[in-house]
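Residues per chain, in single letters:
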Amino acid sequence: MADVYFGNGGSDSTGDGSEGNPYLNFDTAVSNSSGGDTLKGVDGEIRHQSSAYVFDVARSVESANYRGCILKTAVSSSAGYVLRTSGNLTAGNNPHVIRNMAMDAEDDQNVCLRIIRDASEDLELDFYGLDLRNASLYPINNEMRRGTQRFFNTKLTGSPTTSLLRTGGSAMASDGDQTIIVDGFDANVSTDSSHTSINLDKVDNLTNTATAKISGVTGVYTSSDFNSVIYCNGVDNVDIENCNFTVNSDVNAYGAFVEGKATAATASSKIKNLNIRFNSPAGYAISHGRSDNGSSSNVTAGGIYGCTVRGKYYSANTPHGPTLGEGTDGEILGCHTSEIYAGYLISKTTDADVSGNVAFNCYGPNFYIKGATDCTVARNAVVQTGKLIQRTNGLLAVNHQGGVDTVAALITENIIIVLDISKIHSLAQIVDSSQVCSFVSNVYYIPESVDVDTEQLFSYQSSTPTDTISQWLARTEVTGDEVIQLPLSELSKMANKYKLSTASSGGIVGSIVG
């Protein structure tokens, strides 16, 4: 196996493919190499001599220096891509590798890297350290519907209008079992179009298995329209972890969203250790299932773990933090959410465990149970410093969702710290008599200046505050809740224990209430 060089300063007539005397063109290097060789592009921009690049035979392709070789199409090319794979690759030569190359689609090319469909081969395709620039539609268009595609340490820039990584076009795994691995994915992209950055959408059947493992997603993802960073639909096995990104939208957005399909259910998906800055007037920073789908989200078990979400204040809009959606039976554990409307949403779930989380200065319902069944919200912390006006619902709120009432919800052993009662709607709320729930042994810390004998701190079967603490304790749904009054200085000390620094990522581990 040999290294064969090509690129700027080379010659197809006098070059010999050595580092000191490279060929000029990629195709010449292919013709003068053998299976198992590595084709190395020298530093600088390299335009294809006639059209675009084809990764065709059993050779690896890489830049001689990290991202130093920049592939471009011929100026007049109408190929629509910078580089594509071909149908001549075989599983017998796995893995097929492209490493440390830059691809620039500035000449009106839709795609940087096109991975064409091979319906019969279980190919292993590995892409390391790619730098993908200026694609108009998709930097990566993965048309494979079987096999394994791995993307390591990918950088993406420009204004693509549709997706950054698109797989299968709603037909992932339609030709056989398929695995997508993304490990390191840094983007700084902005578009005026509806956009889904990492879009993995499985065909709606149970015959084949689709697996996605996504980690290390970083950067800033901006759209003036709908904007989703990670979307997995119908993928059987999903792990999303260790990501740190900002999502901006003027309309509606998702940070990370997992849902299943009727005959392609998602089992035990895990969304772990995400740190998301969520700047959108609507949508969900993290969603395990769809909030109100009209039918099951087709996601079983799994959940959201150790994630951090920081939102943006909107005076009339309702963005959401970590969410368990319709028909799910998952959990939210050890997360921290701040400055977003709904801190945590549990919507029409069949079973849910929401424990050990923090909601800090969320300006709507901090823990919002809507149409859920067998839901437990326990040992969480709610903090309101008075920085934002908390509106619409109680800090702990139980409501219906889409005509479905809440049944058997247990809200227990949570602590609520409020520095300014005038800045909140109410401490806790049961919206109407159809919501079946129990409030047990929750502790509410409020300033000592509040007259608890007269102040209506709770909302019972009402959209506005109705109850003093003594009236609340007399309700059949309430057992052992307690209001404790402290000096403002002590409340401030307690609140600060739950505040994350701007450098913090990950979540709160373990039990909030000892």
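Note that the coordinates shown come from a computational prediction; the quantities given were computed from them, not determined experimentally.

Quick look at the packing of aromatic side chains
- Across all of its chains, the model carries 15 aromatic pairs by this definition.
- The interplanar angle of 10° and the centroid separation of 4.6 Å between the aromatic rings of Y344 and F367 together place this pair among those described as stacked. With a gap of 23 residues between them, Y344 in strand 31 (residues 344-347) and F367 in strand 34 (residues 367-370) connect regions that are remote in the sequence. This pair shows no difference in class: Y344 is buried, exactly as F367 is.
- Between the aromatic rings of Y444 and F458, the centroid separation amounts to 5.2 Å while the plane-to-plane angle is 85°, which identifies the pairing as edge-to-face. Remark: F458 occurs in strand 43 (residues 458-460) and Y444 occurs in strand 42 (residues 443-447); sequence separation between them is 14 residues.
- Take Y444: its relative accessible area is 0%, and that puts it in the buried class.
- Looking at F458, the relative accessible area reads 0%, which means it is buried.

Topic: the pattern of salt bridges
- Scanning all chains against the criterion turns up 23 salt bridges.
- The shortest N-O distance in the salt bridge between D3 and K40 comes to 3.5 Å. Linking D3 in strand 1 (residues 3-6) with K40 in strand 2 (residues 38-41), this pair joins segments that are 37 residues apart in sequence.
- Classification of D3 as partly exposed rests on a relative accessible area of 39%.

Focus on helix 3 (residues 488-496)
- Residues of helix 3 that are buried: L491, M494 and A495. Projected onto a plane normal to the axis of helix 3, the buried residues spread over an arc of 100° and lie on a single side. Looking at helix 3, the residues exposed on the side facing more than 90 degrees away from the buried face are K493 and N496.
- Check the buried side of helix 3 and you find it contacts strand 33 (358-360), strand 36 (381-384), strand 39 (415-418), strand 42 and strand 45 (482-486).

Each value, and the rule that gives it
Note that residues are indexed from 1 along each chain, following the sequence as it is written. pLDDT decides what is reported in this predicted model: residues at 70 or higher carry local features, side-chain atom pairs at 80 or more are listed and counted, and totals for whole chains, interfaces and linings draw on all residues regardless. The side-chain quantities take in all heavy atoms of the structure and omit both hydrogens and water. Aromatic contacts are taken between Phe, Tyr and Trp rings whose centres are within 6.5 Å, Trp giving its six-membered ring; a plane angle under 30 degrees counts as stacked, one over 60 as edge-to-face, and the others as tilted. In this description a helix means any DSSP run of H or I spanning at least four residues, a strand means any run of E spanning at least two, and both kinds are numbered starting from the N terminus. For the exposure calls, accessible area comes from a 1.4 Å probe over protein chains only, and a residue counts as buried if that area is under 20% of its type's maximum, exposed if over 50%, partly exposed in between. Think of a salt bridge as a Lys or Arg side-chain nitrogen and an Asp or Glu carboxyl oxygen that are within 4 Å of each other. The directions considered for the arc run from the helix axis to the C-beta atoms. Whether two residues touch is decided by their heavy atoms; if any such pair falls within 4.5 Å, the residues are in contact.

So, to be careful, I would describe these as geometric facts and stop short of saying anything about function.
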